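Working through the structure, step by step
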Amino acid sequence: MSNTVHFKKVAIVGVGLIGGSLALDMKLKGLAGTIVGIGRSIANLNIALDLNIVDSITQDIAEGVRGADLVVVAVPVLKVASVIEAAAPYLADGAIVTDVGSVKAELIKEVLPLLPPSVSFVPAHPVAGTENSGAGAAITGLFNGRNCIITPVGKGGPDNPEAVEAVTGLWRALGSNVVIMDALTHDRILSAVSHLPHVIAYTLVNMVANAGKGLGANGSDTDMLGYSAGGFRDFTRIASSSPEMWADICEMNSTAIVEMIEAFESELDSLKRVIKKRDNDSMKAEFNKAKALRDALIKGG
Ligand code: NAP
């Protein structure tokens, strides 16, 4: 199945990092007859066309999705439902709609009532990315060797095994390891391993920028960020990610993210107490535990 998946017309709404990288790989592997890019700004769509990421572009969603057998919605998560609502009257019978959003449970709840009964919806989340945005950030091979989590809407929903199989086959053909999971579990896991790190990176950059205020001679400001080196820059790389995308993710997955922030605050508080006590052995024990876990993670690929 993974080698035989092919779509005649693919419509990608949101030709950014993820939508653009998907289009590039689908072209490279011959998985689509033609790919149309649909978007908000003409400037970004023109970049997608110039870079040969898509075959044609339009800002008119009706024109873009008409006759498509696969519609991929790759816009920030809070905009997915409005895109699908606008596209719904023009979707072909039997079309498969899928998304790539980083949050699943609420997104599915918003999308399900909007879909015509003749259309399938297969929610997906390729767990791959960079801190860059827009069509110019699209790269080939982004999804190779990475997980893609599919959260089928299940019984009673507008999905069918063939559509799930087709979307699974698509991601497998791009080299992804497909994992099937329920949406709430997805949102809890991703809140810990992806959403929380972004929240911390944004916070750390702002905190360090603020920490230098009034610290210099005569109460002048010190540019602490200007003294940062490799460690700080590696740690905060993801703070260069799209603010629109991350505000949408934090709003939509608020409950799970707040839970993880509280768990993080509690761990940080214990470490703070150990550091306050200058308890070197406990610090070493904590750092050794984390180092072993991270080393094993990297070794395991
Ligand atoms: P991106 O590079 O900013 O691309 C998003 C694209 O969507 C942009 O081209 C933007 O076009 C377009 N867009 C925004 N709102 C739109 C609307 N209402 N109608 C039509 N087009 C619209 O973002 P991305 O990183 O590809 O993320 C896209 C989705 O993938 C998000 O749902 C995100 O949660 C998910 N995701 C991201 C990552 C990651 O690491 N970046 C990883 C996995 C999944 P304009 O130029 O007009 O703004």
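Right, let's walk through the structure included here.

The three strands are arranged 7-8-9 in an open sheet whose pairing can be described as mixed. Each edge of the sheet is formed by a strand with only one pairing partner; in this case those strands are strand 7 (124-126) and strand 9 (177-180). Mean inter-strand twist for the sheet, computed between neighbouring axes without regard to direction, equals 20°. Pairing between strand 8 (residues 147-150) and strand 9: four bridges, direction parallel. Bridging from a neighbouring strand, Asn147 pairs with Asn177 of strand 9.

Looking now at helix 2 (residues 42-50). For helix 2, the complete set of buried residues consists of Asn44, Leu45 and Ala48. Relative to the axis of helix 2, the buried residues are bounded by an arc of 100° and lie together on one face. The outward face of helix 2, more than 90 degrees from its buried face, is lined by the exposed residues Ala43 and Asp50. Looking at the buried residues of helix 2, the elements they touch are strand 2 (32-38) and strand 3 (56-58). Phi turns positive, to about 60°, at Asn52, one or two residues after helix 2.

All right, on to the environment of Ile84 then. Its place among the elements puts Ile84 in helix 4 (residues 80-87). Relative accessible area serves as the criterion here: at 2%, Ile84 is assigned to the buried category. Along the sequence, Ile84 and Leu190 sit 106 residues apart, while their C-alpha atoms lie 24 Å from each other.

The rules we used
Position numbers for residues count from 1 along each chain, tracking the sequence in the order it is written. The model is predicted, so local features are restricted to residues of pLDDT at least 70 and side-chain atom pairs to those at 80 or more, both for listing and for counting; the totals for chains, interfaces and linings are taken over all residues. The basis for the side-chain values is all heavy atoms of the structure; hydrogens and waters are excluded. Strands pair, by our definition, only if DSSP identifies at least two bridges between them. The way it works is that DSSP assigns letters per residue, a run of H or I at least four long becomes a helix, a run of E at least two long becomes a strand, and they are numbered from the N terminus. All axes here are fitted lines through C-alpha atoms, helices being fitted over the stretch that makes contact, and every angle between N-to-C directions spans 0 to 180 degrees. Between buried and exposed lies partly exposed: a residue is buried under 20% and exposed over 50% of the maximum accessible area for its type, with that area taken using a 1.4 Å probe on protein chains only. It is the directions from the helix axis to the C-beta atoms that the arc portrays. Contacts are residue-level and defined by heavy atoms, with any inter-residue pair within 4.5 Å sufficient.

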